[in-house]
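# Observations on chain architecture
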There are 2 protein chains.
Amino acid sequence: MTSGKIIIVGLGPGPDRWLTPEASHALEEATDIIGYIPYVERLPDRQGQVKHATDNRVEIDRARHALDLAQQGHVVAVVSGGDPGVFAMAAAVFEAIDTGTDADRATNVQVLPGISAMQAAAARLGAPLGHDFCAISLSDNLKPWDVIIRRLTAAAEGDFVIALYNPASKTRPQPIHDAFTLLRSLKSPATPVAFARAVGRADERIVLTNLGEADPSTADMSTLVMIGSSETRFIEREGQEPWLYTPRHYGLKR
Amino acid sequence: MTSGKIIIVGLGPGPDRWLTPEASHALEEATDIIGYIPYVERLPDRQGQVKHATDNRVEIDRARHALDLAQQGHVVAVVSGGDPGVFAMAAAVFEAIDTGTDADRATNVQVLPGISAMQAAAARLGAPLGHDFCAISLSDNLKPWDVIIRRLTAAAEGDFVIALYNPASKTRPQPIHDAFTLLRSLKSPATPVAFARAVGRADERIVLTNLGEADPSTADMSTLVMIGSSETRFIEREGQEPWLYTPRHYGLKR
């Protein structure tokens, strides 16, 4: 085994104030940075460090490239947004290893946790994830839509707060509409809903509504959609945006 | 409204390398720190800053205390471990506000996201949260046990990866046993299971097993229990601990 390694780093939702010291350090020490173009472009150019920016469609190729460089002795930071362990590059790297060679399985790989989009959204909104919740990706690029239906149905039956990732993209506008149609058949129309777009960035946009009135087309690829449990509620405030939270007490009376 | 405010800060799972710059800054600027004793004790003494360490059983009293100080003009950091928005102090503060006064609703409150235990555990293990997952607290202090049963059942029906928080404590050893009995009736005995205790701290301990063979009493109050979906798998490695991950592809063939 060489001294090369892969460090899988999450850049968080955007601002540096959410980037952990561990992640900052790894980005400084790496000989190579590999990632989707917008993430790699966020990082400064550093002397002696090579940036490899690739298109989003080729996550497995990116993982393969990282493994090859690490096996040649490079210290490779594989970057993605948010937490790399949540709907991001860590699983792609392990998929490449799992379907790869003995040399891949012998490669030194570290994953560094980061702040995920649902956490930035939750903090911005109040405390909607204060109690049991689930996180579901609406992308059906890699899983059949019937698995997504099964999970949305179970999430409603379990009365979980639901954080939806990848609700829509330009080429895939339909999933969030289909998800809302299903959830409306299973949950109260009064259920609080928040569309939290690009939280912490300049183009942040928050829309607070409920399941009955929500317009699913509010969501784009930068939006985290938060759907309450039966307990999740708004706290109305005079002259200010309401807070959204889920009590720790089940059946809390106001 | 005074210039006082409450900043709800997560200290992460322990090590400073996971504490965001935003959280570090808030801890430096606060006039008052309020939290459960072990979290407050983790922080250095700072001139001009008052530390109020209280017992864990009185989260709502702690929230009330923070509101009173903020309304008197103090800048109060309410601290807890992990992400304060996930099974922690943020929901307790909003509960106090929701059942409180107009002055409480007018109080300036900010929540700062942090690294939660499931993320540190996932990063340490590989990428078990790489696909749809849910987080469930097994504490029945504040919710009826039948709600926990309903959620565990739904999580199994939805084939989610499951992160269990608060699996057991000295006074409450039974929940993790009951949860495993239920999950064994619903999921394959080959389902990967990890007990990830105190990840990132000196007393870290990892146990990798499966649902059929797991000993639930491995879990204590510092343990995050991770239970796989039908897709979650180990990658065996020669002479090293296997990695645990959930592929992004549903139905991935090796």
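Okay, so let's go over this structure. (Residues numbered from 1 in each chain as written. Chains lettered and ligands numbered in written order. Predicted model: local features only at pLDDT ≥ 70, side-chain atom pairs only at ≥ 80, totals over all residues. Heavy atoms only, no water.)

### Some words on the pattern of salt bridges
Just so we agree on the cut-off: Salt bridges are identified by distance alone: a Lys or Arg side-chain nitrogen within 4 Å of an Asp or Glu carboxyl oxygen. Under the scheme used here, helices are H or I runs from DSSP no shorter than 4 residues and strands are E runs no shorter than 2 residues, and both carry numbers assigned from the N terminus. We call a residue buried when its accessible area falls under 20% of the maximum for its residue type, exposed when it is over 50%, and partly exposed in between, using a 1.4 Å probe and counting protein chains only.
One pass over the structure, following the stated rule, counts 32 salt bridges over all chains. With a shortest N-O distance of 2.4 Å, B:Lys143 and A:Asp132 are connected by a salt bridge. In this pair, B:Lys143 is assigned in the loop between strand S7 (133-137) and helix H7 (145-157) and A:Asp132 in the loop between strand S6 (126-127) and strand S7 (133-137), connecting two distinct chains. Like A:Asp132, B:Lys143 is buried. With a closest N to O distance of 3.8 Å, B:Arg151 and A:Asp159 form a salt bridge. With one member in each of two chains, B:Arg151 in helix H7 and A:Asp159 in the loop between helix H7 (145-157) and strand S8 (161-165) form a pair that bridges those chains. Each member of the pair, B:Arg151 as well as A:Asp159, carries the same accessibility label: buried. Connected through shared salt-bridge partners, A:Asp132, A:Asp159, B:Lys143 and B:Arg151 make up one network.

### Brief notes about the interface of chain A and chain B
The condition is simple: The contact definition used throughout considers only heavy atoms, calling two residues in contact when any of these lie within 4.5 Å. Once two parts are put together, the accessible area they lose, assessed with a 1.4 Å probe and summed over both, is termed the buried area.
Taken together, the 75 residues of chain A in the interface contact 75 residues of chain B. In total, about 6400 Å² of surface goes out of reach between chain A and chain B, with carbon and sulfur atoms giving 59% of it. Counting the surface chain A buries against chain B, the share from its top three residues, A:Asp98, A:Arg151 and A:Arg248, is 12%. Taken together, the connections running from chain A to chain B amount to 14 salt bridges. A:Arg248 is paired through a salt bridge with B:Glu59; the nearest N and O atoms lie 2.1 Å apart.

### Things to note about unusual backbone geometry
Despite not being glycine, A:Ala198 has its phi angle at roughly 50°, a positive value. Tracing the backbone shows A:Ala198 in the loop between strand S9 (192-197) and strand S10 (205-210).

### Notes on the packing of helix H3 (residues 59-71) of chain B against helix H4 (residues 89-98) of chain B
Helix-helix packing is characterised by the crossing angle of the two axes and by the distance between the axes. All names here are of chain B. Inclusion rule: Here the axes come from fitting lines to C-alpha atoms, over the contacting stretch only for helices, and the angles between their N-to-C directions go from 0 to 180 degrees. With respect to orientation, any angle under 35 degrees is reported as roughly parallel, any angle over 145 as roughly antiparallel, any angle of 65 to 115 as roughly perpendicular, and every other angle as oblique. By the definition used in this description, the sense in which the near helix is turned from the far one sets the handedness, with an anticlockwise turn below a right angle giving left-handed and a clockwise turn giving right-handed. The classification used treats Ala, Val, Leu, Ile, Met, Phe, Trp, Tyr, Cys and Pro as nonpolar, Asp, Glu, Lys and Arg as charged, and all other residues, Gly among them, as polar.
For the pair H3 and H4, the least separation of the axes is 8 Å and the interaxial angle reads 70°. Relative to H4, H3 is oriented roughly perpendicular. The hand of the H3/H4 crossing is right-handed. When H3 is examined against H4, the residues Glu59, Ile60, Arg62, Ala63 and Leu67 are found in contact with a partner set consisting of Met89, Ala92, Val93, Glu95, Ala96 and Ile97. Per-class residue counts for the contact of H3 with H4 are 8 nonpolar, no polar and 3 charged.

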